[in-house]
Amino acid sequence: AQSVTQPDIHITVSEGASLELRCNYSYGATPYLFWYVQSPGQGLQLLLKYFSGDTLVQGIKGFEAEFKRSQSSFNLRKPSVHWSDAAEYFCACITGGGNKLTFGTGTQLKVEL
Amino acid sequence: DAGVTQSPTHLIKTRGQHVTLRCSPISGHKSVSWYQQVLGQGPQFIFQYYEKEERGRGNFPDRFSARQFPNYSSELNVNALLLGDSALYLCASSNTGLMNTEAFFGQGTRLTVV
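Residues numbered from 1 in each chain as written. Chains lettered and ligands numbered in written order. Predicted model: local features only at pLDDT ≥ 70, side-chain atom pairs only at ≥ 80, totals over all residues. Heavy atoms only, no water.

Q: Please clarify how the overall build of chain A should be interpreted in this entry.
A: Each helix and strand counted, chain A has zero helices and 12 strands in total. When the elements of chain A are put in sequence order from the N terminus, they spell out β-β-β-β-β-β-β-β-β-β-β-β. Against the globule reference of 13 Å for 113 residues, chain A gives a C-alpha radius of gyration of 13 Å, in line with a compact fold. Counting only C-alpha atoms, chain A reaches 40 × 30 × 20 Å along its principal axes. Here chain A, with 113 residues, has 48% of them falling under the buried criterion. Of all intrachain contacts in chain A linking residues separated by at least 6 positions in sequence, the fraction that spans at least 24 positions is 53%. Within the structure as shown, chain A displays about 5,200 Å² of accessible surface, and the carbon and sulfur contribution to it stands at 48%. Charged side chains in chain A number 9 positive and 9 negative. The centres of these two groups are separated by 7 Å. (Helix = DSSP H or I, 4+ residues; strand = E, 2+ residues; numbered from the N terminus. Rg over C-alpha atoms; globule rule 2.2 N^0.38 Å. Buried < 20%, exposed > 50% of the residue type's maximum accessible area, 1.4 Å probe, protein only. Contact = heavy atoms within 4.5 Å. Areas by Shrake-Rupley, 256 points an atom, 1.4 Å probe, with all protein chains shown as cover. Lys, Arg positive; Asp, Glu negative; His and termini not counted. Charge placed at Lys NZ, Arg CZ, Asp CG, Glu CD.)

See the structure below:
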């Protein structure tokens, strides 16, 4: 069965520092890949998505992600983190059967001022 | 434009009771999916409906059921509530429900079972 792994449960960065959140997927073919952000008590907001084509994907709020087939990874990056980026980040994939999303367990981002 | 709306926002129920959660999709969207998010976990897929027909079901017991109405709104029903059903229930809508369509999430319903 397909799965998504986010190895880092918690990450703390200083405001202005760069950020990379890791995501690995397990699936035989190329899945559709997503990054969502969730603020406390809120729903999920889509940051970016990869379906095909250019492996470097630009999203909202200055985020980008790179799909690496050889590493089965889809890591999220931001060059300079803002305090408002503190939230939980979820990587997800669609591997077939409609647009059912399989999510990772999430990475909680804390930003130190 | 209104996004995905869910009601109620919070709910407290007693073990053994029944609960109904409601979702109104974005106007024009014909597909609704339900997810359960237990504290500290990622959302888990429960159901997907498209044009009032069930298109997918996750690994949840038969106590969980759902339906979609002609106006594309949806209800999620949970019978015989257990403490472990306490979670944030998220509804997502998309226009076709196909693989390459984005899902838009509501704010969720926080269910607490005591």
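Q: Would you mind going over the pairing of strand β10 (residues 87–94) of chain A with me for this structure?
A: For a regular strand, side chains alternate in direction, first toward one face of the sheet and then toward the other. Residue and element names in this part refer to chain A. Burial runs high along β10: eight of the eight residues are buried. Inspection of the sheet shows strand β5 (residues 32–38) paired to β10 by seven bridges, in the antiparallel sense. Residue pairing for β10: Tyr36 is matched across the bridge by Phe90. Pairing of β10 with strand β11 (residues 102–103) involves two bridges; the strand directions are antiparallel. Pairing of Cys93 across the sheet is with Thr102, part of β11. (Pairing = 2+ DSSP bridges.)

Q: What am I meant to see in the interface of chain B and chain A here?
A: Note on interface size: it is often stated as the accessible area lost on association of the parts. Across the contact, 22 residues belong to chain B and 22 residues belong to chain A. The junction of chain B with chain A conceals about 1,800 Å² of combined surface from both sides, 54% of it contributed by carbon and sulfur atoms. Looking only at chain B, the three residues that lose the most surface to chain A are Met99, Glu102 and Phe105 of chain B, adding up to 32% of its buried area. The interface formed by chain B and chain A contains one salt bridge. Here Lys49 of chain A ties to Glu102 of chain B by a salt bridge, and the two come within 3.6 Å at their closest N and O atoms. (Buried area = accessible area lost by both parts, 1.4 Å probe. Salt bridge = Lys/Arg side-chain N within 4 Å of Asp/Glu carboxyl O.)

Q: What should I look at first to understand the state of the cysteines in this one?
A: Defined simply, a disulfide is a covalent bond joining two cysteines at their sulfur atoms. This structure, assessed with the given rule, holds two disulfides over all chains. Cys23 of chain A shares a disulfide with Cys91 of chain A; S-S distance 2.0 Å. With the S-S dihedral at roughly -65 degrees, the linkage between Cys23 of chain A and Cys91 of chain A falls on the left-handed side. Linking Cys23 of chain A in the loop between β3 (19–21) and β4 (24–26) with Cys91 of chain A in strand β10, this pair joins segments that are 68 residues apart in sequence. Each member of the pair Cys23 of chain A and Cys91 of chain A is classed as buried. Here Cys23 of chain B pairs with Cys91 of chain B through a disulfide, and the sulfurs are 1.8 Å apart. (Disulfide = S-S within 2.5 Å.)

Q: Could you clarify how one ought to interpret the side chain of Thr102 of chain A in this entry?
A: Looking at where Thr102 of chain A falls in the secondary structure, it is placed in strand β11. Apart from residues no more than four positions distant in its own chain, Thr102 of chain A is found in contact with Gln2, Ser3, Val4, Cys91, Ala92 and Cys93 of chain A.

Q: Please explain the nonpolar core as it appears in this structure.
A: One recurring pattern in soluble globular proteins: nonpolar side chains tend to sit buried together. If you look at the biggest cluster of nonpolar residues, it comprises 26 residues, and the most contacted ones within it are Leu19, Trp35, Leu47, Leu48, Phe74, Leu76 and Tyr89 of chain A. Every element with two or more residues in this core is listed here: β2 (10–14), β3, β5, β6 (45–50), β8 (64–68), β9 (73–78), β10 and β12 (107–112) of chain A. Considering each element in turn, this core owes the most residues, four residues, to β10 of chain A. Within the second largest apolar cluster, 22 residues are counted, among which are Val4, Val19, Ala66 and Val78 of chain B. (Core = buried A, V, L, I, M, F, W, Y, C linked by side-chain atoms within 4.5 Å.)

Q: Please clarify how the packing of aromatic side chains should be interpreted in this entry.
A: The description of two aromatic rings rests on the distance between their centres and on the angle between their planes. All names here are of chain B. As enumerated under the stated definition, the model contains 16 aromatic pairs over all chains in all. Centre to centre, the rings of Tyr35 and Phe45 are 5.7 Å apart; their planes meet at 70 degrees, and the pair counts as edge-to-face. Of this pair, Tyr35 sits in strand β4 (residues 31–37) while Phe45 sits in strand β5 (residues 44–50); the two residues are 10 residues apart in sequence, bridging distant segments of the chain. In this pair, the class of Tyr35 matches that of Phe45, namely buried. (Phe/Tyr/Trp six-rings, centres within 6.5 Å; stacked < 30°, edge-to-face > 60°.)

Q: Mind showing me how you'd approach the environment of Leu76 of chain A here?
A: All names here are of chain A. In this fold, Leu76 is placed in strand β9. With relative accessibility at 0%, the residue Leu76 sits in the buried group. Considering only alpha carbons, one finds Leu76 and Pro7, 69 residues apart in sequence, at a separation of 13 Å. Every residue in contact with Leu76, bar those within four places of it in the chain, is listed here: Leu19, Glu20, Leu21, Trp35, Leu47, Leu48, Phe63, Glu64, Ala65 and Tyr89.

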